[in-house]
Amino acid sequence: MRQITATGQTVEDAVQSALEQLNTSRDQTNVEVIDEGKKGFFGLFGSKRAIVKVSIVSPEAEDEEIQEPIHQDESSEGTEEQVEASEIVEDDKRDTESAIEETKQYLETVANGMGASIHVEVYRKGKEITFDLVGDKIALLIGKRGQTLNALQYLTQLTINGKTNQYVTVIVDAEGYRERRKETLTQLSNRLADKAITTRREVKLEAMPSYERKIIHTALQHHHEISTFSDGNEPYRHVVIKPK
């Protein structure tokens, strides 16, 4: 099993850093939060970095686990253990659903305080939860190059993971902005890759959140003439495109 221990200003930053290094996606891994770090007021970075251990899930191991026969004990002890395990799963499910609803209300309250009346639609895919903002004045919530939306996503990540026992990844979107931004970054990465090849010099992109850096890495991962890596410290960490 491949695994890596990574750090970041937040748990999410640490997870994304590990995913970049392992060159994999969130749904293919297990995340163990070793230290949540010290969080600042209203999303400001604290002095203590978060630490996580991220392990790639082996498909073979999963198959073996599913196919492994279950030997039932005739004693009541085995039954009680199964019931307790089932209760824990149900408790975690209710805990997460409650956290999602509270976080949804939190987002609506923050947006209303900014002068944008919205409602929030929630979509869940495994450990990834998307909060889609719908309403008027959405541009106000997106901000220049998505900076306001990124700040809302950061606060939402802190909020929901402070209310649930199961770590989840959060995406806050509005009017399909994330997909449009992904297309823009993909096109940008290809143009700058050509520039790096032509000039034979490294090209540095602007500072981006970890999940946007991952878009750049993914878009160029099969390019034979360049390589990419992240450099700098949060919140100024950026992607560098280097000719081979």
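Scoring rules and cut-offs
Numbering of residues starts from 1 in every chain and runs along the sequence as written. Under the rules for a predicted model, residues below a pLDDT of 70 receive no local features and side-chain atom pairs below 80 are neither given nor counted, while totals for whole chains, interfaces and linings still include all residues. Excluding hydrogens and water, the side-chain figures rest on all heavy atoms present in the structure. One bridge is not enough; two strands pair if DSSP finds at least two bridges between them. Only DSSP runs of H or I covering at least 4 residues are called helices, and only runs of E covering at least 2 are called strands; the numbering of each starts at the N terminus. Angles run from 0 to 180 degrees between N-to-C directions of axes, and those axes are lines fitted to C-alpha atoms, restricted for helices to the stretch in contact. For this document, the term salt bridge refers to a Lys or Arg side-chain nitrogen within 4 Å of an Asp or Glu carboxyl oxygen. Relative accessibility under 20% of the residue-type maximum defines a buried residue, over 50% an exposed one, and the middle range a partly exposed one, all with a 1.4 Å probe and only protein chains included.

## Some points on the sheet that holds strand E4 (residues 118-125)
- The strand order E4-E5-E6 describes an open sheet built from three strands, whose pairing is mixed. Bordering the open sheet on either side are E4 and strand E6 (169-174), each of which pairs with just one other strand. On average, each strand axis in the sheet is tilted by 20 degrees relative to the strand beside it, whichever way the strands run.
- With eight bridges connecting them, E4 and strand E5 (residues 128-135) associate as antiparallel partners. When the bridges of E5 are listed, Glu121 appears paired with Asp132.

## Side note on the pattern of salt bridges
- Summed over all chains, the structure comprises five salt bridges.
- The partner of Glu206 in a salt bridge is Arg145, with the nearest N and O atoms 2.4 Å apart. One end of the pair, Glu206, is in the loop between strand E7 (203-204) and helix H7 (210-220); the other, Arg145, is in the loop between helix H4 (138-142) and helix H5 (147-161), with 61 residues separating them in the sequence.
- Arg181 serves as the salt-bridge partner of Glu206, at 3.6 Å between the closest nitrogen and oxygen. Of this pair, Glu206 sits in the loop between E7 and H7 while Arg181 is found in helix H6 (residues 177-199), placing the two residues 25 residues apart along the sequence.
- In this structure Arg181 comes out as buried when scored by relative accessible area, which is 13%.
- A single network of salt bridges, built from pairs that share partners, joins Arg145, Arg181, Glu206 and Glu212.

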